[in-house]
Amino acid sequence: SEMSYVGVDLSPEMVAKGREVYRGRKNLRFEVGDLNEGLGALRREAPFDVYYSSYGSFSHLSAERLSALLTDIFRHARPGAVVVLD
């Protein structure tokens, strides 16, 4: 089956830009989300194979919020999932 992708950003403007640039791609969607709240609504989705973050996305989180987010990711992830953070 075709792989699918979910992009999450705090900025509604960036989410709108992602939707614009990648419109028509059925396997890709963008959602507004605050990682200070962990995975949020994504917790209700099936586990992902890859959790990827770039451009310092976690740099605005306190140590406590970062720890909570990582705990959320590891609880959500299936065994063998890959987590890549910068």
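Note that this is a predicted model, so its numbers are computed, not measured.

Draft legend 1. Quick look at the overall build of the chain. Looking only at helices and strands, the chain features two helices and four strands. Mapped from its N terminus to its C terminus, the chain presents α and β elements in the order β-α-β-β-α-β. Computed over C-alpha atoms, the radius of gyration of the chain comes to 13 Å, within 12% of the 12 Å expected from 2.2 N^0.38 for 86 residues, which places it in the range of a compact globule. Burial analysis of the chain (86 residues in total) assigns 24% to the buried set. For the chain, long-range pairs separated by at least 24 residues make up 63% of all intrachain contacts whose partners lie at least 6 apart in sequence. When the accessible surface of the chain is totalled, it reaches about 6,300 Å², and 54% of it is carbon and sulfur. Positive and negative side-chain charges of the chain, numbering 11 and 12 respectively, have mean locations separated by a distance of 5 Å.

Draft legend 2. Just the nonpolar core, in detail. Counting residues in each nonpolar core, the largest one holds ten residues, listed as Leu-35, Leu-39, Leu-42, Phe-48, Tyr-51, Phe-58, Leu-61, Leu-69, Ile-73 and Ala-77. Discounting residues that sit within four places of it in the chain, Leu-39 has contacts with Leu-69, Asp-72, Ile-73 and His-76.

Draft legend 3. Main features of the pattern of salt bridges. Under the defined criterion, the tally for this structure stands at six salt bridges. When the shortest N-O distance is used, the salt bridge between Arg-19 and Glu-31 registers 3.8 Å. Placement of the pair is Arg-19 in helix α1 (residues 12–21) and Glu-31 in strand β2 (residues 28–32), with a sequence separation of twelve residues. When the shortest N-O distance is used, the salt bridge between Asp-72 and Arg-43 registers 2.9 Å. A residue pair is termed long-range when its members are at least 10 positions apart, and Asp-72 in helix α2 (residues 63–76) and Arg-43 in the loop between β2 and β3 (50–52) qualify at 29 residues. You can call Asp-72 buried: its relative accessible area is 13%. Looking at Arg-43, the relative accessible area reads 43%, which means it is partly exposed. Via salt bridges that share partners, Arg-19, Arg-29, Glu-31 and Glu-45 belong to a single interconnected network.

Draft legend 4. Geometry of the pairing of strand β1 (residues 5–9). Strand direction decides the pairing type here: β1 and β2, joined by five bridges, are parallel. Counterpart to Asp-9 in the pairing with β2 is Val-32. Crossover β1 to β2 through α1 is right-handed.

What counts as what
Residues numbered from 1 in each chain as written. Predicted model: local features only at pLDDT ≥ 70, side-chain atom pairs only at ≥ 80, totals over all residues. Heavy atoms only, no water. Helix = DSSP H or I, 4+ residues; strand = E, 2+ residues; numbered from the N terminus. Rg over C-alpha atoms; globule rule 2.2 N^0.38 Å. Buried < 20%, exposed > 50% of the residue type's maximum accessible area, 1.4 Å probe, protein only. Contact = heavy atoms within 4.5 Å. Areas by Shrake-Rupley, 256 points an atom, 1.4 Å probe, with all protein chains shown as cover. Lys, Arg positive; Asp, Glu negative; His and termini not counted. Charge placed at Lys NZ, Arg CZ, Asp CG, Glu CD. Core = buried A, V, L, I, M, F, W, Y, C linked by side-chain atoms within 4.5 Å. Salt bridge = Lys/Arg side-chain N within 4 Å of Asp/Glu carboxyl O. Pairing = 2+ DSSP bridges. Right-handed = clockwise from strand over helix to strand, strands pointing away.

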